[in-house]
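Below are the chains, spelled out letter by letter.
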Amino acid sequence: MGNTLFQMLRVEVGGEFDRNVSLENGSRVAGHMLFGPSSCGKTSLLFEYAFNCAEKGDYVLFIAPKPLMKLPLFVNERKQPDAVVLKRINMVYLANCDELTDYFANVHLDKVRNSPTGRTRHVLIDDFHSYFREKGSRTEDTNRLAKCMAYIIDAAEFWSKRQSGQKSECAVLVAETILGESMSAEKLGLYQHWITDFIKIQKHGNSLFQIQPIQHSKNFCNLSELTPHYEIDDNEIKVINKME
């Protein structure tokens, strides 16, 4: 599943950014969004993505609004990653919008180039909606959302320029829960200022889900090959039609 997401998002892992796959706005930052209903395994997919990145030598910043009480379900019988891999994943817990915004507004103060934060190649933010939406409400503070997204992208640009050789891309992947069938056109339009690739998790029945790209940049892969299904049970997430 992690490799499937890499192919969906065209994220370069474990090496320099390929200038032949340039971003449409000239940015060094690739912005992506994964969204779907509650309890659809988004956190598990983010962790699988993080594990894949870290296993290939990249450093990952994983942000969540609160500490996890337990590890999420693993994908396809994955084993616990070793300590070397886990050290490349920097877990940061930020409780609210102010903490999230302040964190990214101050990354430029990190003077140590080789610190884990300074070497960040992938920024993953779980439950992104929770920073701007009152619990149980459909109303979001779009002004604060826009301000925070601007700081996130600016920080990612800063990290990408600090990478060795000045040719690295930094990827941002945010995950959020939607309350209806899909994201509103208004919100989709807002996110398009920073995000080029949108991936929806569609529920089919009680425990079957499908990952569907709904909007993508010109660098996106062949969509007909990238609609995997997966099942969630008490022990793991199992991909039904995993890409080879």
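Residues numbered from 1 in each chain as written. Predicted model: local features only at pLDDT ≥ 70, side-chain atom pairs only at ≥ 80, totals over all residues. Heavy atoms only, no water.

In terms of regular secondary structure, the chain is built from six helices and 10 strands. A total of 244 residues make up the chain; the buried ones form 51% of that total. When the accessible surface of the chain is split by element, carbon and sulfur atoms take 47% of a total near 11900 Å². (Helix = DSSP H or I, 4+ residues; strand = E, 2+ residues; numbered from the N terminus. Buried < 20%, exposed > 50% of the residue type's maximum accessible area, 1.4 Å probe, protein only. Areas by Shrake-Rupley, 256 points an atom, 1.4 Å probe, with all protein chains shown as cover.)

This part is about the packing of helix H4 (residues 97-105) against helix H5 (residues 142-162). Between H4 and H5, the least distance of the axes is 8 Å, while the angle of their chain directions is 30 degrees. When the axes of H4 and H5 are compared, the pair comes out roughly parallel. The handedness of the crossing between H4 and H5 comes out as left-handed. Together, Cys97, Asp98, Leu100, Thr101, Phe104 and Ala105 of H4 and Arg144, Lys147, Cys148, Tyr151, Ile152, Ala155 and Trp159 of H5 make up the contact between the two elements. A per-class count over the contact of H4 with H5 returns nine nonpolar, one polar and three charged. (Axes fitted to C-alpha atoms, helices over the stretch in contact; angles between N-to-C directions. Parallel < 35°, antiparallel > 145°, perpendicular 65-115°, else oblique. Left-handed = near helix turned anticlockwise from the far one by under 90°. Contact = heavy atoms within 4.5 Å. Nonpolar A, V, L, I, M, F, W, Y, C, P; charged D, E, K, R; others polar.)

Right, let's talk about the pattern of salt bridges for a bit. If charged atoms from side chains of opposite charge come close, those side chains can pair. Across all of its chains, the model carries six salt bridges by this definition. For Arg78, the salt bridge identified is with Glu55, shortest N-O distance 2.7 Å. With Arg78 in the loop between strand S3 (74-75) and helix H3 (83-87) and Glu55 in helix H2 (residues 42-55), the pair connects residues that are 23 residues apart, well separated along the chain. When its relative accessible area of 16% is taken as the criterion, Arg78 is described as buried. Residues Glu140 and Lys187 are paired through a salt bridge, measuring 2.8 Å at the closest nitrogen-oxygen approach. Note that Glu140 is positioned in the loop between strand S5 (120-125) and H5 and Lys187 in helix H6 (residues 185-191), a separation of 47 residues in sequence. When salt bridges that share partners are traced, they join Glu48, Glu55 and Arg78 into one network. (Salt bridge = Lys/Arg side-chain N within 4 Å of Asp/Glu carboxyl O.)

What follows covers the nonpolar core. Residues Phe104 and Phe128 are the most contacted members of the largest nonpolar core, which totals 35 residues. Listing elements by their share of this core, those giving two or more residues are strand S1 (29-36), strand S2 (59-64), H4, S5, H5, strand S6 (170-177) and H6. For this core, the element with the most residues is H5, which contributes eight residues. If we ignore the near neighbours within four places in the chain, the residues touching Phe128 are Leu100, Met149, Ile152, Val174, Ala175, Glu176 and Tyr191. (Core = buried A, V, L, I, M, F, W, Y, C linked by side-chain atoms within 4.5 Å.)

Most of S2 is tucked away: six of the six residues are buried. Judged by which residues are buried, S2 turns out to be covered on both faces: Tyr59, Leu61 and Ile63 on one side and Val60, Phe62 and Ala64 on the other are all buried. Where S2 lies against S5, five bridges are found, and the strand directions are parallel. Each residue of the ladder has a partner; that of Ile63, found in S5, is Ile125. Relative to strand S4 (residues 89-93), S2 runs parallel, the two being bridged by five bridges. By the bridge assignment for S4, Val60 is matched with Ile89. (Pairing = 2+ DSSP bridges.)

Bringing the confidence of the model for the chain into the picture now. Here the chain shows a mean pLDDT of 79. Residues at 70 or above account for 75%. Long-range and interchain partners of residues 9-25, a stretch whose pLDDT sits below 50, account for 48 contacts in this model, where long-range means more than four residues apart. The low-confidence segment residues 218-225 (pLDDT under 50) makes 17 contacts with residues lying over four places distant or belonging to another chain. (pLDDT = per-residue confidence, 0-100.)

The first and last C-alpha atoms of H5 sit 30 Å apart over 21 residues, in line with the 30 Å expected at 1.5 Å per residue. Of the positions making up H5, those classed as buried are Leu145, Cys148, Met149, Ile152, Ile153, Ala155, Ala156, Glu157, Trp159, Ser160 and Arg162. Against S1, S2, H4, S5, S6 and H6 lie the buried residues of H5. Near the N-terminus of H5, the side chain that reaches the backbone nitrogen of Asn143, with its oxygen 3.3 Å away, is that of Asp141. (Expected span 1.5 Å × (residues − 1). Polar contact = N/O pair within 3.5 Å; in protein donor to acceptor, adjacent residues only side chain to side chain.)

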